[in-house]
Amino acid sequence: MKDHSRLMGGLYKICEWVMRFTIINLLWVTFNLPLVFIFLNILFLEQKRALFFFILPLIIFIPILFFPATTAMFASARDWVIKDEYVSVRRYWSYYKENYLKSLMGGFIFTIAWTIWAVDYYYFSQENIIFMGIFFIIGIVLLVYTVNFFSVMAHYHMKLGSVFKNSLIITIGSPVLFFTVLISNSILIYLSLNTVWFLLPFFAGALMSYLSFSAFYRFYYKVVSSNQIN
């Protein structure tokens, strides 16, 4: 009887977590539908000349849609990590509105940085393999920095400049956190795009935010604990 109760309890817990990831991920995808449409068009584009007509709206929509929606997703993941609470649609919408302006402004800055990086990487990949390697490494650092930005934004109530500064300190100050975020996100992105593609609409984004924030919170808790001891 006890084994049966434990089994049912375990199955219920698994179903609850599946629902958490699915609901938040679907909300995230819904808020990014114009970007999804643009990406699908770029993916099946036959003529490279038409790429410009999709790149411009992509650059415009990323800070307006992607960054606020992703910040709200990370805030939802924060509740799971810290409080083990079920995040409702209403709470996601509350996080979305609460952080929209800062996410938008941060998104514009990151979009500019990523656009400059993409242009430079494309140019040097045609010209110089050494510079291509350098910009590839810069891209990796920028990726982890961007992910940590979402974690800091979700966890702290501070000005945007402080969010950027603390995200940078965390990115370059903890190799363990850096590689945890990099490896976990890289594996999930690879699997979602190449193997288990069904993860994208239902789990990928929410799972990445949960794993990234979990790694960030362990780092944060370790720093806070060491400061209290000292």
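Structure: above.
Residues numbered from 1 in each chain as written. Predicted model: local features only at pLDDT ≥ 70, side-chain atom pairs only at ≥ 80, totals over all residues. Heavy atoms only, no water.

A. Representation of the overall build of the protein chain within the structure. For the protein chain, the helix and strand inventory stands at nine helices and zero strands. Put simply, the protein chain runs from its N terminus to its C terminus through helices and strands in the order α-α-α-α-α-α-α-α-α. By the burial criterion, 37% of the 230 residues in the protein chain qualify as buried. Contacts spanning at least 24 positions in sequence make up 71% of the contacts within the protein chain whose residues lie at least 6 apart. Of the roughly 14,000 Å² of accessible surface on the protein chain, a fraction of 72% belongs to carbon and sulfur atoms. (Helix = DSSP H or I, 4+ residues; strand = E, 2+ residues; numbered from the N terminus. Buried < 20%, exposed > 50% of the residue type's maximum accessible area, 1.4 Å probe, protein only. Contact = heavy atoms within 4.5 Å. Areas by Shrake-Rupley, 256 points an atom, 1.4 Å probe, with all protein chains shown as cover.)

B. Seen up close, helix 4 (residues 89-98). Within helix 4, burial applies to Tyr92, Tyr95 and Tyr96. Summarising the axial view, the buried residues of helix 4 lie within an arc of 105 degrees, below the 170-degree limit, and thus occupy one face. (Arc of directions from axis to C-beta.)

C. Region of the structure containing the layout of surface pockets. Each pocket or cavity is described by its volume, and for the largest pocket that value is around 2,400 Å³. Looking at which element gives the most residues to the lining of the largest pocket, the answer is helix 3 (residues 51-82), with 11 residues. Residues that form the lining of the largest pocket fall into these classes: 36 nonpolar, 11 polar and one charged. Volume-wise, the second largest pocket comes out at about 190 Å³. Along the walls of the second largest pocket sit Ser174, Val176, Leu177, Thr180, Ala215, Arg218, Phe219, Lys222 and Val223, which together make up its complete lining. Contributions of two or more residues to the lining of the second largest pocket are made by helix 8 (175-194) and helix 9 (199-229). Looking at which element gives the most residues to the lining of the second largest pocket, the answer is helix 9, with five residues. (1 Å grid on protein atoms, 1.4 Å probe; cavity = no way out; pocket = protein on both sides within 12 Å on 5 of 7 lines; lining within 4 Å. Points joined across faces, edges and corners; volume = space filled by probe spheres on them. Nonpolar A, V, L, I, M, F, W, Y, C, P; charged D, E, K, R; others polar.)

D. Up close: the nonpolar core. Counting residues in hydrophobic clusters, the biggest one holds 42 residues, and the most contacted among them are Tyr92, Phe110 and Phe149. Where this core is concerned, the elements lending two or more residues are helix 1 (2-31), helix 3, helix 4, helix 5 (100-127), helix 6 (129-155), helix 7 (160-173), helix 8 and helix 9. Tallying contributions element by element places helix 6 first for this core, with 10 residues. Non-local contacts of Phe110, meaning those with residues more than four positions away in its chain, are made with Phe67, Leu142, Tyr145, Thr146, Phe149 and Phe164. Ranked by size, the runner-up nonpolar core spans five residues in total, among them Ile38, Phe54, Leu58 and Leu65. (Core = buried A, V, L, I, M, F, W, Y, C linked by side-chain atoms within 4.5 Å.)

E. Layout of the pattern of salt bridges. Under the counting rule described, the total for this entry stands at two salt bridges. In this structure, the salt-bridge partner of Asp79 is Arg78, at a minimum N-O distance of 4.0 Å. Residue Asp79 is classed as buried on the basis of its relative accessible area of 0%. Asp79 serves as the salt-bridge partner of Arg91, at 3.4 Å between the closest nitrogen and oxygen. Taken as a pair, Arg91 in helix 4 and Asp79 in helix 3 lie far apart in primary sequence, 12 residues in all. The network of salt bridges with common partners includes Arg78, Asp79 and Arg91. (Salt bridge = Lys/Arg side-chain N within 4 Å of Asp/Glu carboxyl O.)

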